[in-house]
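# Remarks on the overall topology
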Amino acid sequence: MTTLVLGASGATGNKLVDQLLQNGHEVKVAVRSPDKLPESWGQNKHVEIIHANISDLTIDEMVRLLSDCESVVSCLGHNLNLKGIYGKPRRLVTDAISLTCQAIRKMAPQKPIKVILMNTSGNRNRDLDEPISPGERLVISLLRLLVPPHSDNEQAAEYLRVNVGQNDPAIKWVVVRPDTLIDDSLVTEYQAYVSPIRSPIFNAGKTSRINVGNFMARLLSDPVLWNEWESQMPVLYNTTS
């Protein structure tokens, strides 16, 4: 299986690539700055590095990028600085997901392509009646207004949930919602839940980036696990969080 990873140079994306390689995947990474990637990837015959700015690609260019892929994972995110939070592109994640899905539909693959979007526990799954307190509702409203990346995350997930939906013949998807991301060097025990089991605003848990990468790689490697979570938005927690 060949998987295209968007955002592979990020803190979670590079963990995902390593997990995919461990699971025997062929991996394509599309990055704006290849010099930020581990040197070992350039020497690995199972990794293809494409120098590309996703925001500048046309649909036809994305079609060519996806031509030999069975799956796509987006670990894209905004840099946590003033330019990254308030500068352009404000819809980095949403536009990348839209571009990917439009390209897949243009390809009209005989077998659906799997799309995984890394998102956040602070984004609700509107297919479900996920409870939200007045305080959480207020804080999230402020985040939408004051922190553009939060709205981008919401809109990207909504694109898959609403624009693609559950019966698209070309695209199957999962949105993975980790809680507060932390660094760890080893995969540890973690659990996926249909909805948050704690407040992402006032009682957040922890999810290590390597566990997120492990879960997403397992989704693409294990058909039973994929079938369990297809068209859903699992929330991921370290068991010790």
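Residues numbered from 1 in each chain as written. Predicted model: local features only at pLDDT ≥ 70, side-chain atom pairs only at ≥ 80, totals over all residues. Heavy atoms only, no water.

## Observations concerning the nonpolar core
Formally: Buried Ala, Val, Leu, Ile, Met, Phe, Trp, Tyr and Cys residues form a nonpolar core when they are joined through side-chain atoms within 4.5 Å. Remark: exposure states derive from per-residue accessible area (1.4 Å probe, protein chains only) relative to the maximum for the residue type, with buried under 20%, exposed over 50%, and partly exposed in between. Put simply, DSSP H or I for four residues or longer makes a helix, DSSP E for two residues or longer makes a strand, and each gets a number counted from the N terminus. Contact definition: two residues touch when any of their heavy atoms are within 4.5 Å.
Counting 34 residues, the largest nonpolar core has Leu4, Met62 and Leu160 as its most contacted members. Counting only elements with at least two residues in this core, the list comes to β1 (2-6), α3 (59-66), α5 (92-107), β5 (113-118), α7 (148-164) and β6 (171-178). The biggest single contributor to this core is α5, with seven residues. The residues contacting leucine 160, other than those within four sequence positions of it, are Ile97, Cys101, Val115, Leu117, Gly165, Trp173 and Val175. Val5, Leu16, Ile116 and Ala192 belong to the second largest nonpolar core, which has 29 residues in total.

## Looking at the packing of aromatic side chains
Spelled out, the test is: Centre distance within 6.5 Å is the pairing criterion for rings of Phe, Tyr and Trp, where only the six-membered ring of Trp is used; planes under 30 degrees apart are then read as stacked, over 60 as edge-to-face, and the remainder as tilted.
Scanning all chains against the criterion turns up two aromatic pairs. For the pair tyrosine 193 and tyrosine 237, a centre-to-centre distance of 5.8 Å together with 65° between the ring planes defines the contact as edge-to-face. Within this pair, whereas tyrosine 193 is found in strand β8 (residues 190-193), its partner tyrosine 237 is found in strand β10 (residues 235-238), the two being separated by 44 residues in sequence.

## Thoughts on a nonpolar patch on the surface
Rule in force here: Without a salt bridge and with relative accessible area above 30%, a residue can belong to a patch; like charges are then joined within 9 Å and nonpolar side chains (Val, Leu, Ile, Met, Phe, Trp, Tyr) within 5 Å. Residue-level accessible areas treat just the shown protein chains as cover; the underlying method is Shrake-Rupley with a 1.4 Å probe. Salt bridges are counted wherever a side-chain nitrogen of Lys or Arg sits within 4 Å of a carboxyl oxygen of Asp or Glu.
On the surface, a nonpolar cluster with roughly 420 Å² of combined accessible area is contributed by Leu138, Leu142, Leu145 and Leu146. Tracing the backbone through its elements, the reader meets leucine 146 in helix α6 (residues 134-146). On the basis of relative accessible area, leucine 146 is assigned to the partly exposed category, the value being 48%.

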